[in-house]
Amino acid sequence: MRPDMLSTALLLTLPLVFSSSVADDEDSPRHGAPDLGDAYFPGLGNGGYDVKHYDLVLDVDMETGAIEATATIDAQATHGLDAFNLDLWGLKVSGVTVEGVAAEFAHDGLELTIAPDSAIVSGADFRTQIVYAGVPDLAPDASVSSMGMKGTGWMRRESGVFVMSECVGASGWFPCNDHPIDKATMSFTVTVAKPYTVAANGILVEETDSGDARTFKWRANDPMATYLATVNIAELELEVSETESGLPLRLYYPQGTTDKSLEPFRRTADLIDHFSGLFGEYPFEAYGAVLTKEGLGGALESQTLPVYSRGAGEGTLAHELAHQWFGNCVGIEAWEDMWLNEGFAVYASWLWREHTVGPEAIEKSVERAHRWAKQAEIGPPVDPGVGAVFGGATYGRGPLVLHALRMEVGDERFFQILRTWVKRYFNSTATSADFIALSEEVAGRELDGVFDAWLFSETVPADVPANDVPKSE
Ligand code: TRP
Ligand code: ZN
């Protein structure tokens, strides 16, 4: 029988092996989407697969700034793939294999397109290896314009290299699915000449000495977003300690850092202890800090190992620590919801002052933020626009949402909401709508009043959030 004589009904009963001739079959291999339709960053992220692990091997020449690198990426196909994309900005790719077989590739702008020799079946685990080299450049990043920066990622300075990639700098140093929804575990094997030290996310599993150079192998076993990956290479001193419950802590700092600057960081265990009581147990395998010699435009909450510009104090330490729960463990699904990161981290730093100084300290912080928001006529925290994700809407009005919620439901329910939030979305991602739903679930009633006024309203409410219920119900 000629195929064109087959009835439609018969076609539908044909075994799967023929299904690739049906053009719109879900499982027939096709090109994975070159982006995820992100409203703030066109081209960001890719479709068709889910990354499980990034293994990065980097040889770094600190004199020229050049790297020679191999990225091995383990992923699972979410539909059949005859081609797929990774994000990579700059650098030069010299070879790609998929499942050990050489693959065709093309690199244009942010998009590295890979066509495997044979198609990948939906649901299959597959390994891609990319060999690349060059001097990493900052990736253009519209989100940091408000902080006076043009790009993010691999930052090369006099004293060394520091990586701060939020929002979109990760693709400037490794090929990746650069979107917060695709978390993965990571390992970093970095070789560099003495006397440089390498500090990265997770646990230092091995350090080998080959005479003139050393190789540091780090492994991050907790899944993380690409923007939270960090590799720092400088001449660094190290203080190792642990919390009472045995969480390993590593404090890296440049020679000559004063005891006064180190003092807040040496109190890290106390902060972890306090926040664990409020938000639930610290979510990751390790914690620490990298202090940079230069000012790098702020601090970044890289997972398990924030990076701090020279001069950072206790407030910043509290802020970056809080991000480990809010932003890192519970990530955001879209950059429009940045207030779920920054609003929570700012509020947590107020909570630390409430604990160490007293209740009048948090009242002052609330009043100051409210005055700022009103005077500057700052818009709502949610969806502030790409150039304002690090600005008054998220850092100023963001924490006021939480304070208003706390005043509305009382301390007991408020902290129950925060703890449930971390438990429910542990190592995953969530949205503003998820937070509202969970708050109403825990409160047992609608909270439209709070969220309409503080999260969605264009205008800042005239008065600071009112204390409607006694603090302990
Ligand atoms: N998330 C950081 C914070 O609030 C701020 C930040 C975003 C940043 N992108 C950055 C700092 C890039 C330095 C470099 O803690
Ligand atoms: Zn922050």
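This one's a predicted model, so the numbers in the text were calculated from it and none came from an experiment.

Caption draft 1: View of helix H8 (residues 411-424). With 14 residues, H8 extends 20 Å from end C-alpha to end C-alpha; this agrees with the ideal 20 Å at 1.5 Å per step. Every buried residue of H8 is accounted for by Asp411, Phe414, Phe415, Ile417, Leu418, Trp421 and Val422. The arc that holds the buried residues of H8, viewed along the axis, is 145°, so those residues lie on one side. What points out from H8, more than 90 degrees from its buried face, is the exposed set Glu412 and Lys423.

Caption draft 2: Inspection of the sheet that holds strand S11 (residues 151-157) at higher detail. Spatial strand order, S10-S11-S12-S17-S14: 5 strands in an open sheet with antiparallel pairing. With partners counted over all chains shown, the strands left at the sheet margins are strand S10 (139-140) and strand S14 (197-200), one partner each. Sheet topology note: the S10/S11 ladder contains 2 bridges and is antiparallel. Note that in S11 the partner of Ala139 across the bridge is Thr152.

Caption draft 3: Fine view of helix H2 (residues 259-266). Along H2, the residues classified as buried are Leu262, Pro264 and Phe265. Buried residues in H2, looked at end-on, bunch into an arc of 150°, giving them a common side. Seen from the buried face of H2, the exposed residues on the opposite side, beyond 90 degrees, are Asp259 and Lys260.

The rules we used
Along each chain, the written sequence defines residue order, and numbers are assigned to residues from 1. As a convention, the first chain written is A and the first ligand written is 1, with the rest following in written order. A pLDDT threshold of at least 70 governs which residues receive local features in this predicted model, and a stricter bar of 80 or more applies before side-chain atom pairs are shown or counted, although totals over entire chains, interfaces and linings include all residues. With hydrogens and water set aside, each side-chain value is computed from the structure's full complement of heavy atoms. Per the convention used, a helix needs a DSSP run of H or I reaching at least four residues, while a strand needs a run of E reaching at least two, with both numbered from the N terminus. Under the convention used throughout, the expected extent of a helix is 1.5 Å for every residue step, that is, one less than its residue count. Type-normalised accessible area, obtained with a 1.4 Å probe on protein chains alone, sets the label of each residue: buried when under 20%, exposed when over 50%, and partly exposed for intermediate values. The arc in question is the one spanned by the directions pointing from the helix axis to the C-beta atoms. One requirement defines pairing of two strands: DSSP has to find at least two bridges between them.

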